[in-house]
Amino acid sequence: STEGAYGGDGEFQQNSSKVKIFDRDLKRIHRDRAAWLSRQKNDSFVDAVADNLLDRLEDCKKSFPTAFCLGGSLGAVKRLLRGRGGIEKLIMMDTSYDMIKSCRDAQDDSLDNSIETSYFVGDEEFLPVKESSVDLIISSLGLHWTNDLPGSMIQCKLALKPDGLFLAAILGGETLKELRIACTLAHMEREGGISPRLSPLAQVRDAGNLLTRAGFSLPGVDVDEYVVKYKRAMDLIEHLRAMGETNALLERNKILNRETAVATAAIYDSMFATEDGTIPATFQVIYMTGWREHSSHPQAKRRGSATVSFTDLQKQFGGQS
Amino acid sequence: MVRLNRVLLKDAGNVIDKTLSEILVCPLSKQPLRFCEKTKSLVSDTIGVSFPIKDGIPCLVPKDGKILEEEGDASKA
């Protein structure tokens, strides 16, 4: 796999301006398929991530009347909102028309229609939202499929009103490490080489850089790890397909040799299977929090503007240390 | 009766609702969009592109946009 694509700031900057890593058209097709596969089914992992993300709204004293939900698991976000954040209007966007239609139909069927909800199809990389128009932006497990993640986040910041909140959850670099290892070994064994089967994902240290570079105030990043257990290796692949998380790399090998797939499953089972016979898969989720700048936010003073020196502090309090 | 109301609302929903009309702009130029009654689409006059509305859902992905003819009549339609 192409590890290291997000490894450093400079490297990342070059990549974002020159290289298109993901096939966005294929990702739309994946999400169209995911809309049908996940119909009438609630995903416990996706729900857990969305719930943890929305939990942060309870830590805020202010309310967010207008909220904007980017693609990813927007169905779960809508379902699990439960009055948090004081949201009155919710705008939902996805790159997949089928996914948007599926969410709207789910709302038509549900009894809870207290929040006024609007739907449209759009791309995170070309956000069609007016400047300073929303109070809150939520993205659960969607932004890691953008080619220009800094650009997407800058557009999110511009769409926020001053003192607006940006909440995002993306998959981190440790995600599916077992599958990555099993794929690599199987490929080397069967095909004598390696081709990218898993996407490059952001590392934890990159998330803070992204928030800062996009211009967010009070950036916060934390990480969680979820281990999902499956009965068979194929169940994991089916889960990824239902989430719309299958491979969309432009440089991907479009043919998967059956022998290689069987070898991958065998290696996965022999190396990682737990004592109860289940197959574990790790999902590392990076939560990002940022605010659009506002006069009430604390700001660092200008360099050299101090009125008290550390020497004076030392003299005053030195006896106690 | 409830189902019938939904169908009627959906048909009426070929025009986007007020919240979206206040917030949405062209994904490329970030300029306001104009609703075209004739083609039932959203038009960005700045770059001469129209975006479709399918079943009341605006599709504002750059790839879905159609470049309008450069004739003045077509762009004003």
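Keep in mind that this is a model prediction, so the values were computed, not measured. (Residues numbered from 1 in each chain as written. Chains lettered and ligands numbered in written order. Predicted model: local features only at pLDDT ≥ 70, side-chain atom pairs only at ≥ 80, totals over all residues. Heavy atoms only, no water.)

Further remarks concern the pairing of strand β2 (residues 89-94) of chain A. Residues and elements named next belong to chain A. In terms of burial, β2 is largely enclosed, as 5 of its 6 residues are buried. Bridging between β2 and strand β3 (residues 116-122) involves 6 bridges; their strand directions are parallel. Paired with Met93 across the strands is Phe120, a residue of β3. (Buried < 20%, exposed > 50% of the residue type's maximum accessible area, 1.4 Å probe, protein only. Helix = DSSP H or I, 4+ residues; strand = E, 2+ residues; numbered from the N terminus. Pairing = 2+ DSSP bridges.)

Below, the discussion takes up the side chain of A:Ser140. Among the secondary structure elements, A:Ser140 is positioned in strand β4 (residues 134-140). Setting aside residues up to four positions removed in sequence, A:Ser140 forms contacts with A:Val49, A:Ala50, A:Leu53, A:Gly71, A:Gly72, A:Ser73, A:Val77 and A:Ala169. (Contact = heavy atoms within 4.5 Å.)

Right, let's talk about the nonpolar core for a bit. Among the nonpolar cores identified, the biggest contains 61 residues, and A:Phe45, A:Leu136, A:Leu236, A:Phe283 and A:Val285 are the most heavily contacted of them. Look past the residues within four positions of A:Leu136 in its chain and what remains in contact with it is A:Leu57, A:Phe64, A:Thr66, A:Ala67, A:Phe68, A:Ile87, A:Leu160, A:Leu165 and A:Leu167. A:Ala168, A:Ala202, A:Ile286 and B:Phe51 belong to the second-largest nonpolar core, a separate cluster that totals 36 residues. (Core = buried A, V, L, I, M, F, W, Y, C linked by side-chain atoms within 4.5 Å.)

Residues and elements named next belong to chain A. Applying the stated criterion across every chain, the model contains 13 salt bridges over all chains. The partner of Asp163 in a salt bridge is Lys62, and the shortest N-O contact between them spans 3.6 Å. Of this pair, Asp163 sits in strand β5 (residues 160-171) while Lys62 sits in the loop between α3 (44-55) and β1 (66-69), and the two are 101 residues apart along the sequence. Among the ionic contacts, a cluster of salt bridges with common partners joins Arg24, Asp123, Glu124 and Glu125. (Salt bridge = Lys/Arg side-chain N within 4 Å of Asp/Glu carboxyl O.)

With that settled, the discussion passes to the interface of chain B and chain A. Between chain B and chain A, the contact holds 24 residues from the first and 28 residues from the second. Among the residues chain B hides against chain A, the three largest losses belong to B:Thr19, B:Ile23 and B:Ile57. Together they make up 27% of the total. Linking B:Asp55 and A:Lys101 is a salt bridge whose minimum nitrogen-to-oxygen distance equals 3.6 Å. Taken together, the connections running from chain B to chain A amount to 7 residue pairs in polar contact (both at pLDDT 80 or more). Elements with a minimum of two residues in the side of chain B that touches chain A: α1 (2-12), α2 (18-23) and β4 (57-60) of chain B. Split by residue class, the side of chain B that touches chain A holds 13 nonpolar, 2 polar and 9 charged. Pairing analysis gives 2 bridges linking β3(A) to β4(B), with the strands arranged parallel. Considered in β4(B), the bridge of A:Gly122 is made with B:Leu60. (Buried area = accessible area lost by both parts, 1.4 Å probe. Polar contact = N/O pair within 3.5 Å; in protein donor to acceptor, adjacent residues only side chain to side chain. Nonpolar A, V, L, I, M, F, W, Y, C, P; charged D, E, K, R; others polar.)

With that settled, consider unusual backbone geometry. Both trends apply: most residues other than glycine have a negative phi, and most peptide bonds are in trans. Residue and element names in this part refer to chain A. Notably, Asp163 is not glycine yet its phi reads approximately 70°, a positive angle. Of the residues examined, Asp163 reaches a relative accessible area of 16% and is grouped as buried. A positive phi angle, near 50°, is found at Leu218, a position not held by glycine.

On to the confidence of the model for chain B, then. In low-pLDDT segments, the atomic positions of the prediction should not be examined closely. Residues and elements named next belong to chain B. Confidence along chain B averages 72 in pLDDT terms, with 68% of residues attaining 70 or more. Summarising per-element confidence for chain B, the mean pLDDT is lowest in α1 (45) and highest in β4 (88). Counting interchain partners and residues more than four positions distant, the pLDDT-below-50 stretch residues 1-14 has 10 contacts. (pLDDT = per-residue confidence, 0-100.)

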